[in-house]
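The primary structure of each chain is shown beneath.
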Amino acid sequence: DTEVTQTPKHLVMGMTNKKSLKCEQHMGHRAMYWYKQKAKKPPELMFVYSYEKLSINESVPSRFSPECPNSSLLNLHLHALQPEDSALYLCASSQEGYSTEAFFGQGTRLTVV
Amino acid sequence: DQQVKQNSPSLSVQEGRISILNCDYTNSMFDYFLWYKKYPAEGPTFLISISSIKDKNEDGRFTVFLNKSAKHLSLHIVPSQPGDSAVYFCAAYDYGGSQGNLIFGKGTKLSVKP
């Protein structure tokens, strides 16, 4: 199994809603990531979890709250988002360390209305 | 300041010919480089990587060349196929930063015409 699975694939939410994005991998990877990608732009790193601990937060607003319940799961909790937060949210994982390739999920297309 | 640059937003190639996608970087501390391929509405798919201790890595139709002195890498696809049409991102690991910080270029959209 070399897949990173993200759910849901599409999400439309209002600015007062609370929702969560989910990511799962069963490759035994110990590092997991959240990226945000706007149209025609490269992915931008948001958070990195290493051994289930948050190791990088790239100055992301607090309306995005990551959670790593165990080594296979990564969540991104969303609350009070703005329309400009609409984007493709990508989850990725890698074995560990920086010198291994990251595998990406298919992404969640988020629209904030 | 863009640390990974893909100066060609698009490239069009005839089927069967070679596609060459270029990438330049500014940070001499980068020591691991990757190419990702992305279809619309999908996540990036890892294609090929190269460590700075090498100058070439080959995998089937895909070869990546690294010129450290010029801070330049390129992806060669030979022969190009219509299914290769996608956006290709060059990425580098930020050695000076923390683990996992992949720095992506802006991408090059490759169109392979039958």
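For clarity, every value in this text was computed on a predicted model and none was experimentally measured.

Parameters at a glance
- Residues numbered from 1 in each chain as written.
- Chains lettered and ligands numbered in written order.
- Predicted model: local features only at pLDDT ≥ 70, side-chain atom pairs only at ≥ 80, totals over all residues.
- Heavy atoms only, no water.
- Helix = DSSP H or I, 4+ residues; strand = E, 2+ residues; numbered from the N terminus.
- Rg over C-alpha atoms; globule rule 2.2 N^0.38 Å.
- Buried < 20%, exposed > 50% of the residue type's maximum accessible area, 1.4 Å probe, protein only.
- Areas by Shrake-Rupley, 256 points an atom, 1.4 Å probe, with all protein chains shown as cover.
- Contact = heavy atoms within 4.5 Å.
- Buried area = accessible area lost by both parts, 1.4 Å probe.
- Salt bridge = Lys/Arg side-chain N within 4 Å of Asp/Glu carboxyl O.
- Polar contact = N/O pair within 3.5 Å; in protein donor to acceptor, adjacent residues only side chain to side chain.
- Nonpolar A, V, L, I, M, F, W, Y, C, P; charged D, E, K, R; others polar.

A. Highlighting the overall build of chain B. Of regular secondary structure, chain B possesses 0 helices and 11 strands. Helices and strands appear in chain B in the N-to-C order β-β-β-β-β-β-β-β-β-β-β. Taking 114 residues into account, the globule formula puts the C-alpha radius of gyration at 13 Å, and chain B, at 14 Å, falls close to it. On the principal axes, the C-alpha backbone points of chain B span a range of 45 × 30 × 20 Å. Within chain B, buried positions represent 46% of all 114 residues. Total accessible area on chain B stands at roughly 5400 Å², and carbon and sulfur atoms take up 48% of it.

B. Summary view of the interface of chain B and chain A. Between chain B and chain A, the contact holds 22 residues from the first and 24 residues from the second. Of the roughly 1900 Å² buried where chain B meets chain A, counting both sides, 58% is carbon and sulfur surface. Across the contact surface, chain B and chain A share 0 salt bridges. At the surface where chain B touches chain A, the tally comes to 2 residue pairs in polar contact (both at pLDDT 80 or more). Among the secondary structure elements, those contributing two or more residues to the side of chain B that touches chain A are strand E4 (32-38), strand E5 (45-51), strand E9 (86-93) and strand E10 (102-104) of chain B. Of the residues in the side of chain B that touches chain A, the class split is 11 nonpolar, 7 polar and 4 charged.

C. Summary view of the environment of Glu15 of chain B. Residues and elements named next belong to chain B. With respect to the element layout, Glu15 can be found in the loop between strand E2 (10-14) and strand E3 (19-25). Of the residues examined, Glu15 reaches a relative accessible area of 41% and is grouped as partly exposed. Separated by 91 residues in the primary sequence, Glu15 and Lys106 have C-alpha atoms spaced 24 Å apart. When sequence neighbours within four positions are dropped, the list of residues in contact with Glu15 reads Ser80, Pro82, Val112, Lys113 and Pro114.

D. Main features of the side chain of Asp85 of chain A. Residues and elements named next belong to chain A. Mapped onto the fold, Asp85 is located in the loop between strand E8 (73-79) and strand E9 (87-94). Asp85 gets classed as buried once you look at its relative accessible area, which sits at 2%. Polar contacts involving the side chain of Asp85 include one to the main-chain amide nitrogen of Gln82, which spans 2.8 Å.

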